[in-house]
Amino acid sequence: MNGKLEEMEYEMKKDKLNEYCSWLFDILFELEKRVDNSKYDSFHARFYGRVSELLLDVWLNTNGYKYKEISLLNIEKVPLKSKTIDGTEYTRNIFIQNIKSLISNQNIIDYTELIENEGKNVHNAILDKAHYDFSVTLQIFQQYCKIHLDSIDSLIRVLPIVIRYAPNEFLSPYINVMVRLCTKPFKNGERICEGTQYLHFCSAMFLYHAFGILCVKYNKYAIFKELMKTIVPAPNPIDMNSTFSLAYLAGTNHWDYSTLNNYMGTNLYYPYSQFIRESIFPYISNSFLNKNEFESCYTAWEHLFSLMFHYYNCYPLNNNWFPQGEFIYRRADRFRGTDNFYTTFLHSANKLNKDWEPIKQGLFNGKYEEYQKVYNQAEKFYNQNIRI
């Protein structure tokens, strides 16, 4: 059986059905004693039925019974919804199974509704903690990062499935969620301690970079133009009246290096790279063979993001700036004979030119010459501004 949480029917002989029901209901009755479903809404309270669907596989495989699967056509539209329940892993798994089902069935309408509803839940949870009238310490920084990571837990864990298997139109709702997470209404009399308000962007930052690295991993470059050119409306924690690019708000570091190092308890040249990398790795690690591949892929994404940021005019002040990160030092791997995802990524650009996958999918206006031009501009900028 495929184990999906979908509508399911089955036929079997009466003796086998009696055997299955006798085995199943003993488990369900015990589950009913142990699980308090009083906090669940009507949708999630039906988990007994979903558990029984999953247990059918267990019963069949344990007993070695043969079966045949036949596809069914579902003509009834069943609205799916998600309601976050703090600390409930089962609810997250239901959310992920629903997303899988909707992608499998190419149901973009219900998929969009489910993702955006979860985004609203996350946004509300973050707004509930959105008080920035205090100075940040290492402990407070860690607490707020945990709040944001816990809030986006379901969204970030299902992201590898969405990026890998869904068509590009299924990716846009994630960008809409990131936009929402960057916004924050201002209240009369609200006080903000300068620098603390940037904590508000953490959830959007984590999703943005997880989204980017997974797109690089699975060659989904066409969506990057939308990712870079999307605008976040006012108000936001930086300015209550101004709009900014999503790439600027969610993609770049808003703290100076020394401040972020203090928050992290580190002494790094580019602390933002490690901050993002270490935060998102546990949630998307299964997409990579090991941490080395993840870090190499992240370096490729970080470098590509810097080039696109400049090319698509994402900086609000001028267009003479390129975001920097640890990739600045790892560029030298190209000339050391190092063979990893990052070096292969860069070498393939020079080797394939117009047939390089990012170019084929429309980045840099689909022209290798434009990529090469911005690449050369960036090299000059990096060499002039490298931190030593």
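Residues numbered from 1 in each chain as written. Predicted model: local features only at pLDDT ≥ 70, side-chain atom pairs only at ≥ 80, totals over all residues. Heavy atoms only, no water.

Caption draft 1: Main features of unusual backbone geometry. In this structure, the amide linkage connecting Ala234 to the following residue, Pro235, adopts the cis form with an omega of 0 degrees. When you line up the elements, Pro235 lands in the loop between strand S1 (231-232) and strand S2 (244-245). Phi is positive for Asn353, which is not a glycine, with a value near 55 degrees. Take Asn353: it is sitting in the loop between helix H15 (341-352) and helix H16 (357-360). Judged by relative accessible area, Asn353 falls into the partly exposed class, the value being 32%. Located in the positive-phi region is Asn365, a residue other than glycine, with phi close to 60 degrees. Relative to the assigned elements, Asn365 resides in the loop between H16 and helix H17 (368-385). Asn365 sits in the partly exposed class, given a relative accessible area of 48%. (Helix = DSSP H or I, 4+ residues; strand = E, 2+ residues; numbered from the N terminus. Buried < 20%, exposed > 50% of the residue type's maximum accessible area, 1.4 Å probe, protein only.)

Caption draft 2: View of the packing of helix H13 (residues 291-311) against H17. The interhelical angle for the contact between H13 and H17, taken along N-to-C directions, is 105 degrees, at an axis separation of 10 Å. If you check the angle between H13 and H17, you find them roughly perpendicular. Contacts from His303, Ser306, Leu307, His310 and Tyr311 of H13 reach H17 at Glu370, Tyr371, Val374, Tyr375, Gln377, Ala378, Glu379 and Tyr382. In the contact of H13 with H17, the residues fall into seven nonpolar, four polar and two charged. (Axes fitted to C-alpha atoms, helices over the stretch in contact; angles between N-to-C directions. Parallel < 35°, antiparallel > 145°, perpendicular 65-115°, else oblique. Contact = heavy atoms within 4.5 Å. Nonpolar A, V, L, I, M, F, W, Y, C, P; charged D, E, K, R; others polar.)

Caption draft 3: Main features of the packing of aromatic side chains. Following the criterion strictly, the structure yields 44 aromatic pairs and no others. For the ring pair Phe305 and Phe309, a centre distance of 5.6 Å and an interplane angle of 55 degrees mean the geometry is tilted. Here Phe305 pairs with Phe309, and both are found in helix H13, just four residues apart, close to one helical turn. Judged by relative accessible area, Phe305 falls into the buried class, the value being 3%. Here Phe322 and Tyr382 contribute two aromatic rings whose centre-to-centre distance is 5.9 Å and whose plane-to-plane angle is 70 degrees, an arrangement assigned as edge-to-face. (Phe/Tyr/Trp six-rings, centres within 6.5 Å; stacked < 30°, edge-to-face > 60°.)

Caption draft 4: Representation of helix H6 (residues 153-165) within the structure. At Leu159, H6 shows its largest bend, some 40 degrees, and a proline, Pro160, comes one to four positions later. Here H6 lies mainly inside the structure; ten of its 13 residues are buried. Turning to H6, its buried residues are Asp153, Ser154, Leu155, Ile156, Val158, Leu159, Pro160, Ile161, Val162 and Ile163. (Bend = angle between axes of the 7 residues up to and from the residue.)

Caption draft 5: Inspection of the confidence of the model for the protein chain at higher detail. Per-residue pLDDT for the protein chain averages 88, and the proportion of residues at 70 or more is 89%. Across residues 2-7, confidence stays below pLDDT 50; counting only partners more than four residues off in sequence or on other chains, it has 19 contacts. Low confidence marks residues 71-88, where pLDDT is under 50. Its contacts with residues over four positions away, or in another chain, come to 32 contacts. (pLDDT = per-residue confidence, 0-100.)

Caption draft 6: Structural context of the pattern of salt bridges. For the structure on display, the rule yields 13 salt bridges. In this structure, Asp150 and Lys146 form a salt bridge, with 2.7 Å as the shortest nitrogen-oxygen distance. Linking Asp150 with Lys146, this pair stays in helix H5 (residues 138-151), spanning four residues, or about one helical turn. When salt bridges with common partners are traced through the structure, they connect Arg92, Asp153 and Arg157 into a single cluster. (Salt bridge = Lys/Arg side-chain N within 4 Å of Asp/Glu carboxyl O.)

Caption draft 7: Structural detail: H13. With 21 residues, H13 extends 30 Å from end C-alpha to end C-alpha; this agrees with the ideal 30 Å at 1.5 Å per step. Regarding H13, its N-cap is Asn290, as a side-chain oxygen of that residue lies 3.1 Å from the backbone nitrogen of Asn292 further along. One or two positions beyond H13, positive phi appears at Asn313, with a value near 55 degrees. (Expected span 1.5 Å × (residues − 1). Polar contact = N/O pair within 3.5 Å; in protein donor to acceptor, adjacent residues only side chain to side chain.)

Caption draft 8: Highlighting the side chain of Thr252. In this structure, Thr252 sits in the loop between helix H10 (246-251) and helix H11 (257-264). Engagement of the side chain of Thr252 in a polar contact is seen with the backbone oxygen of Tyr248, the distance being 2.6 Å. In this view, Thr252 contacts Met205, Ala247, Tyr272, Phe305, Phe309, Trp321 and Pro323; residues no more than four positions away in its chain are not counted.

Caption draft 9: Examining the nonpolar core more closely. Of all hydrophobic cores here, the largest spans 106 residues; its most connected members are Tyr174, Phe211, Phe224 and Phe275. Among the elements that line this core, the one with the most residues is helix H8 (residues 202-217), at twelve residues. Once you skip the residues sitting within four places of it in the chain, Phe224 turns out to touch Gly212, Cys215, Val216, Trp301, Leu304, Met308 and Leu363. Tyr20, Leu24, Tyr48 and Leu55 belong to the second-largest nonpolar core, a separate cluster that totals ten residues. (Core = buried A, V, L, I, M, F, W, Y, C linked by side-chain atoms within 4.5 Å.)

Caption draft 10: Fine view of the environment of Ile386. With respect to the secondary-structure elements, Ile386 resides in the segment after H17. Between the C-alpha atom of Ile386 and that of Gly325, which follows or precedes it by 61 residues, the distance is 9.5 Å. Setting aside residues up to four positions removed in sequence, Ile386 forms contacts with Tyr270, Gln324, Ile328 and Tyr329.

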